[in-house]
Amino acid sequence: MRIGGTVLAVLVVVALLAPWLGTVDPSLFDPASRDLLPGAMGEVTTLDGEYLKHRFLMGSDSFGRDIYRRVIYGTQVSLIVGIATALVALAIGIVFGLLAGFLRWLDGPLMRVMDGLMAIPAILIAIALVAMWRGGVLTVVIAIAIPEIPRVTRLVRSLVLTIREEPYVEAAISLGTPTWKIMGRHILPNTVAPLIVQGTFICAAGILTEAILSFLGVGLPPDVPTWGNVMAEGRAQFTEYPHNIFFPGIFLAVTVLAVNILGDGLRDTLDPKMAKRV
Amino acid sequence: MLNFLLRRLLSTLPVLVVVAVLVFLMLRLTPGDPAAVLAGDAATTDQIAEIRKTLGLDRSIPEQFVVWAGHLLTGDLGQSYYYKTEVATLIGQRLEPTLSLAALTITIAVLVAVPLGVLAAWRFGSWFDRTLMGFSVLGFSIPVFVLAYILIWLVSLKLGWLPVQGYKRLADGAGPWIHHLLLPSITLSVIYIALIARVTRASVLETLGEDYIRTARAKGLPERLVLVRHALANAAVPIVTVIGIGIALLIGGVVVTESVYAIPGLGRLTVDAVLARDFPTIQGVILLFSVVYVVVNLLVDLSYVFFDPRIRY
């Protein structure tokens, strides 16, 4: 868990400091510096028409864009998408879960819809939604979050059903505490630990799915520097220039691995019962 | 048993109906007029209105759903906007590569993961166990397309053992077929191996603590038989369950793997249809994949009787 946390912290710092990490302006590229190998010297044209000497640490792509710069900036996109996906899925899932757990008449229909949603493979929902909506980061986040909602809903619902039988909730009910207050004050705080764990795994899934969408060409627009887009761009030339795919691929794998390790660790610390089961 | 079978079959119906409604709504509530897409750029407003009428798009959404669902039940998935053929025919053409890929992947995954999981449980806490669990987290985390490119680079480009891309039909001979399919299947099986090995380990670990295992050992049964006949056999239900649940992972992986290895299957069809905004095809493929997922998990439920005779329906 410490390793996961440390790696993630480093990635967050990288994302925040992206403009100062020896990267050139994202809009700059030079056709003369196409397909450079990692570490090669090349030049970039500034907006004023000046030529700058620049070392392409991870080489350049077929447009002459610096892969190092795109990968570093891609960290921002990936982390934002991952965290936002987790937050959106958790927020909606918590509301649905509380409703299903508390309102008996809603429980059946809502959970049947969730069952149906779970039967459709997550990535297909995301692909179809993004294809329809097009658009930017927000669309992608929502499209990735939707298939994750049923799992959160189920988790919250099962927690609610257990917790509402606890003596302190019964006491609150018998004192005439309004339902929304019981949900907010007594039930929600007890769901926090498992939800944090779940949120971590959704975050990992979100980062991965965004990369897959971009890689398949259905995610964020190709000019947005994301790891998936860099890899998609590198596909055609993979045989000669494998580094176009390897560098963003390594970043992606390490990030997802770090988040997953963090999630496993959090689960073991926050939720010992669950740790034993898995 | 028959009673249970009927009830279990009936219980999948609501799920399938919900799936159908969701898939229908997902694409029918999209901005953009399918009739205009079908008619092409040069069409007049009258022509578009005509097409809208033949497609039934002038009716209300619930009416459209009833018509659409009625067609579904007869196996009519509609016309592809892009390929201008029946979606059902299109899917039929793309079925073989995907089924081959999935079958080989599951075979590899089960053959590798189950023995590894049993060994890890047997030597619980050893370096082998810890290494395997480490690799399993890694297997979950490494994106399937990154793994695909690493393997292509290593096995196909550097070593030259297997072809980089493409697909050969089974009808053209089993040799070329498996030759082309091996690398994609290995790529796709990694995440599956991680999943199954983990569950096998946990499940076998639990049975190894049972009294009958001690009895089996006490009566001098060879350790191999203890592990396979007693521990694994009793641990089978969770393993089969996770294989069923993993079908969802597999379907997601198929879309990506087929794209990387240029395999003309259903996954590739999905991506092409999305890029062309060919909604009837997207609908058809998503429906098919979801039905497969539901049916496989139904079969998994039914297989419990076979794996655990104590379970009676």
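This text follows the structure it describes.
First, a word on what this report is: a plain description of the structure on this page.

## Some words on the overall build of chain A
Helix and strand content of chain A: 12 helices and two strands. The linear arrangement of helices and strands in chain A, starting from the amino end, is α-β-β-α-α-α-α-α-α-α-α-α-α-α. Within chain A, the proportion of its 278 residues that are buried is 54%.

## Some words on the overall build of chain B
Within chain B, the regular secondary structure consists of 14 helices and zero strands. Along the first, second and third principal axes, the C-alpha atoms of chain B reach 85 × 55 × 35 Å. Every one of the 313 residues in chain B was classed for burial, and the buried ones make up 45%. Considering only residue pairs separated by 6 or more positions, chain B has 71% of its internal contacts joining residues 24 or more positions apart. Total accessible area computed for chain B in this model is approximately 15200 Å², and 68% of it derives from carbon and sulfur atoms. Positive and negative side-chain charges of chain B, numbering 24 and 20 respectively, have mean locations separated by a distance of 12 Å.

## Focus: the pattern of salt bridges
All names here are of chain A. Inspection of every chain in the model, using the stated rule, returns 12 salt bridges over all chains. For Asp115, the salt bridge identified is with Arg112, shortest N-O distance 3.1 Å. With a gap of three residues between them, Asp115 and Arg112 both fall in helix α3 (residues 104–119), about one helical turn apart. Exposure remark for Arg112: the relative accessible area of 38% places this residue in the partly exposed category. Residues joined in a network through salt bridges with shared partners are Arg104, Asp107 and Arg157.

## Description of the environment of Leu195(B)
By the element assignment, Leu195(B) lies in helix α8 (residues 174–208). As for Leu195(B) and Gly246(B), which are separated by 51 residues in sequence, their C-alpha atoms are 7.7 Å apart.

## Quick look at the interface of chain A and chain B
Contacts between the two partners involve 41 residues from chain A and, on the opposite side, 41 residues from chain B. Summing the contributions of chain A and of chain B, the shared interface buries around 3500 Å²; its carbon and sulfur component is 81%. Linking chain A to chain B there are zero salt bridges. Of all elements in the fold, only α3, α4 (122–133), α9 (192–216) and α11 (243–270) of chain A reach the threshold of two or more residues within the side of chain A that touches chain B. Of the residues belonging to the side of chain A that touches chain B, the class tally is 30 nonpolar, five polar and six charged.

## Considering empty space enclosed by the protein
Residues and elements named next belong to chain B. Under the definition given, this model contains one cavity of 30 Å³ or more. Lining the largest cavity are Trp68, Leu72, Leu77, Pro280, Gln283, Gly284 and Leu287. The biggest single contributor to the lining of the largest cavity is helix α14 (residues 279–307), with four residues. Considered class by class, the residues forming the lining of the largest cavity number five nonpolar, two polar and no charged.

## A few points about the layout of surface pockets
All names here are of chain B. By volume, the second largest pocket is sized at about 520 Å³. Residue lining of the second largest pocket: 22 residues in total, with Arg28, Leu55, Trp68, His71 and Gly78 positioned closest to the centre. Examining the composition of the lining of the second largest pocket, we find that four residues originate from one element, helix α4 (residues 61–73), more than from any other. When its residues are assigned to classes, the lining of the second largest pocket shows 11 nonpolar, seven polar and four charged.

## With respect to a nonpolar patch on the surface
A contiguous nonpolar patch, built from Val12(A), Val13(A), Leu16(A) and Leu17(A) and spanning about 340 Å² of accessible area, is present on the exposed surface. Looking at the element boundaries, Val13(A) is found in helix α1 (residues 2–16).

## Remarks on the packing of aromatic side chains
Applying the stated criterion across every chain, the model contains nine aromatic pairs over all chains. Between the aromatic rings of Trp227(A) and Phe251(A), the centroid separation amounts to 5.9 Å while the plane-to-plane angle is 55°, which identifies the pairing as tilted. With a gap of 24 residues between them, Trp227(A) in helix α10 (residues 227–234) and Phe251(A) in helix α11 connect regions that are remote in the sequence. On the accessibility criterion, Trp227(A) (0% relative accessible area) is buried. Summarising the aromatic geometry, the rings of Phe24(B) and Trp68(B) are spaced 5.3 Å apart at their centres and angled 40° between planes, so their arrangement reads as tilted. Taken as a pair, Phe24(B) in helix α1 (residues 2–28) and Trp68(B) in helix α4 lie far apart in primary sequence, 44 residues in all. What makes Trp68(B) buried here is its relative accessible area of 12%. An aromatic cluster is present here, built from Phe215(A), Phe145(B) and Tyr149(B) joined pairwise through their rings. Directly above the aromatic system of Phe102(A) lies the positively charged group of Arg164(A), at a separation of 5.2 Å from the ring centroid.

## Observations regarding the side chain of Gln283(B)
Residues and elements named next belong to chain B. By the element assignment, Gln283 lies in helix α14. Among the residues examined, Gln283 registers a relative accessible area of 5% and is labelled buried. If sequence neighbours within four positions are ignored, Gln283 has contacts with Val23, Phe24, Leu27 and Trp68.

## Side note on the packing of helix α6 (residues 127–141) of chain B against α8(B)
Residues and elements named next belong to chain B. It is the contact of α6 with α8, at a shortest axis distance of 8 Å, that shows an interaxial angle of 135°. By the angle between their directions, the pair α6 and α8 is classed as oblique. When you trace α6 past α8, the crossing you get is left-handed. Each of Asp129, Leu132, Met133, Ser136, Val137, Gly139 and Phe140 in α6 lies in contact with α8, whose residues at this interface are Val190, Ile191, Ala194, Leu195, Ala197, Arg198 and Arg201.

## Here we look at the nonpolar core
Residues Leu252(A), Phe145(B), Ile196(B) and Val260(B) are the most contacted members of the largest nonpolar core, which totals 148 residues. With 13 residues, the single largest contributor to this core is helix α5 (residues 87–122) of chain B. Discounting residues that sit within four places of it in the chain, Phe145(B) has contacts with Ala211(A), Ile212(A), Phe215(A), Met231(A), Leu252(A), Val256(B) and Val260(B). If you look at the next biggest cluster of nonpolar residues, it comprises six residues, including Ala100(A), Leu106(A), Met114(A) and Ile149(A).

## A word on helix α10 (residues 223–234) of chain B
All names here are of chain B. With 12 residues, α10 extends 15 Å between its outermost C-alpha atoms, agreeing within 8% with the 16 Å of an ideal straight helix rising 1.5 Å per residue. Of the residues making up α10, those classed as buried are Val226, Leu227, Ala231 and Leu232. Viewed end-on, α10 has its buried residues packed into an arc of 135°, placing them on one side of the element. Check the buried side of α10 and you find it contacts α5, α8, α9 (211–218) and α11 (236–245).

Here is what the cut-offs are and how they apply
- Residues numbered from 1 in each chain as written.
- Chains lettered and ligands numbered in written order.
- Predicted model: local features only at pLDDT ≥ 70, side-chain atom pairs only at ≥ 80, totals over all residues.
- Heavy atoms only, no water.
- Helix = DSSP H or I, 4+ residues; strand = E, 2+ residues; numbered from the N terminus.
- Buried < 20%, exposed > 50% of the residue type's maximum accessible area, 1.4 Å probe, protein only.
- Contact = heavy atoms within 4.5 Å.
- Areas by Shrake-Rupley, 256 points an atom, 1.4 Å probe, with all protein chains shown as cover.
- Lys, Arg positive; Asp, Glu negative; His and termini not counted.
- Charge placed at Lys NZ, Arg CZ, Asp CG, Glu CD.
- Salt bridge = Lys/Arg side-chain N within 4 Å of Asp/Glu carboxyl O.
- Buried area = accessible area lost by both parts, 1.4 Å probe.
- Nonpolar A, V, L, I, M, F, W, Y, C, P; charged D, E, K, R; others polar.
- 1 Å grid on protein atoms, 1.4 Å probe; cavity = no way out; pocket = protein on both sides within 12 Å on 5 of 7 lines; lining within 4 Å.
- Points joined across faces, edges and corners; volume = space filled by probe spheres on them.
- Patch = residues over 30% accessible without salt bridge, like charges linked within 9 Å, V, L, I, M, F, W, Y side chains within 5 Å.
- Phe/Tyr/Trp six-rings, centres within 6.5 Å; stacked < 30°, edge-to-face > 60°.
- Lys NZ or Arg CZ within 6 Å of the ring centre and 35° of its normal.
- Axes fitted to C-alpha atoms, helices over the stretch in contact; angles between N-to-C directions.
- Parallel < 35°, antiparallel > 145°, perpendicular 65-115°, else oblique.
- Left-handed = near helix turned anticlockwise from the far one by under 90°.
- Core = buried A, V, L, I, M, F, W, Y, C linked by side-chain atoms within 4.5 Å.
- Expected span 1.5 Å × (residues − 1).
- Arc of directions from axis to C-beta.

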